[in-house]
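# Survey of secondary and tertiary structure
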Amino acid sequence: MLTVFGRCNSSNSAKVFWLLDELGQDYRLVPTGRGFGPTDTPEFLAMNPFGKVPVVRDGDTVVWESNAVLRYLAGRQPTLLWPQETGARSRVDGWMDWASISFTPVMTRLRKARAAGKTEDADLPAVKAAVAALDSWLADHRFLAGDQLSLADITAAPSVHRWFLLPESGAEFPHLRAYAQRLGTNPHYQRHIRDALS
Ligand SMILES: N[C@@H](CCC(=O)N[C@@H](CS)C(=O)NCC(=O)O)C(=O)O
């Protein structure tokens, strides 16, 4: 049985829970992370030396870093969420890396600054630039890596969701809004992403 160490309110864990549901994969959840269970025990640090969730254990194999976990899980069985053909797969991988390296950090910092009541918006220009690029891409694409849902969308979804929680999301960026609404019709997104805000 696959074991997942994570917490339901963590966006990086939520990505993994969403994929597991898409794949119809059973798992045992060990609630772990801030407010749920310790990550500083020798046992946990032996799995992930950085003491972060999510972590997945599959027999003797331990995987950490949420995108690595997504790829590991999608690689265990054929799925269009992470296509086998290398060109198609690289498009998914590119969006995953962009979302995690260029979009999520600035979006997370902006959200935290707002939550702390800070008025200075150092990350807003970078967030807006990312959102504008997403919007123009999504004018011609139903999902990030093509016509159907993929690991790219699962990776970007928490930050897209967080953008629309900000007051300045307004009426701008209609293609991104339509995409967010498209994601919002997915029951696994509804179950895992909407409330995973920390
Ligand atoms: N880049 C890592 C980030 C992992 C991360 O920062 N996880 C957060 C939850 S989203 C965490 O473990 N926070 C500490 C805790 O919950 O104890 C990934 O994608 O897995």
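Residues numbered from 1 in each chain as written. Predicted model: local features only at pLDDT ≥ 70, side-chain atom pairs only at ≥ 80, totals over all residues. Heavy atoms only, no water.

## A word on the layout of surface pockets
- In this structure, the largest pocket occupies an estimated 890 Å³ of space.
- Considering the residues around the largest pocket, the lining is formed by 28 residues, among which R7, S11, N12, K52 and V53 are closest to the centre.
- Broken down by secondary-structure element, the contributors of at least two residues to the lining of the largest pocket are α1 (11-23), α3 (66-75) and α4 (86-115).
- Grouping the amino acids of the lining of the largest pocket by side-chain chemistry returns six nonpolar, 14 polar and eight charged.
- Each of two domains, domain 1 (3-75) and domain 2 (86-192), supplies a minimum of three residues to the lining of the largest pocket. (1 Å grid on protein atoms, 1.4 Å probe; cavity = no way out; pocket = protein on both sides within 12 Å on 5 of 7 lines; lining within 4 Å. Points joined across faces, edges and corners; volume = space filled by probe spheres on them. Helix = DSSP H or I, 4+ residues; strand = E, 2+ residues; numbered from the N terminus. Nonpolar A, V, L, I, M, F, W, Y, C, P; charged D, E, K, R; others polar. Domains from an automatic or database assignment.)

## Overview of the pairing of strand β1 (residues 3-6)
- Alternating residues of β1 divide into T3 and F5 and V4 and G6, and every residue in both groups is buried.
- Pairing geometry for β1 and strand β2 (residues 28-31), over four bridges, is parallel. Within β2, the position partnered with F5 by the bridge is V30.
- Note that the unit made of β1, α1 and β2 has a crossover that is right-handed.
- Alignment of β1 against strand β3 (residues 55-58), held across three bridges, turns out to be antiparallel. The residue of β3 that forms the bridge with T3 is R57. (Buried < 20%, exposed > 50% of the residue type's maximum accessible area, 1.4 Å probe, protein only. Pairing = 2+ DSSP bridges. Right-handed = clockwise from strand over helix to strand, strands pointing away.)

## What to know about empty space enclosed by the protein
- Going through the model one piece at a time under the given rule, you end up with one cavity of 30 Å³ or more.
- Empty space within the largest cavity amounts to approximately 40 Å³.
- Lining the largest cavity are S11, N12, K15, T104, T155, P158 and S159.
- Elements with a contribution of two residues or more to the lining of the largest cavity: α1 and α6 (151-163).
- Across the lining of the largest cavity, the residue classes tally to one nonpolar, five polar and one charged.
- The two domains that each donate at least three residues to the lining of the largest cavity are domain 1 (3-75) and domain 2 (86-192).

## Notes on the packing of α4 against helix α5 (residues 124-138)
- It is at 9 Å that the axes of α4 and α5 come closest, and there the two elements cross at 135°. Between α4 and α5, the angle falls in the class oblique. Our pair here, α4 against α5, has a crossing hand that is left-handed. In this structure, α4 uses W95, W98, F103, V106, M107, L110 and R114 to contact α5, whose residues at the interface are L124, A126, V127, A130, V131, L134 and W137.
- Of the residues that constitute the contact of α4 with α5, the class distribution is 13 nonpolar, no polar and one charged. (Axes fitted to C-alpha atoms, helices over the stretch in contact; angles between N-to-C directions. Parallel < 35°, antiparallel > 145°, perpendicular 65-115°, else oblique. Left-handed = near helix turned anticlockwise from the far one by under 90°. Contact = heavy atoms within 4.5 Å.)

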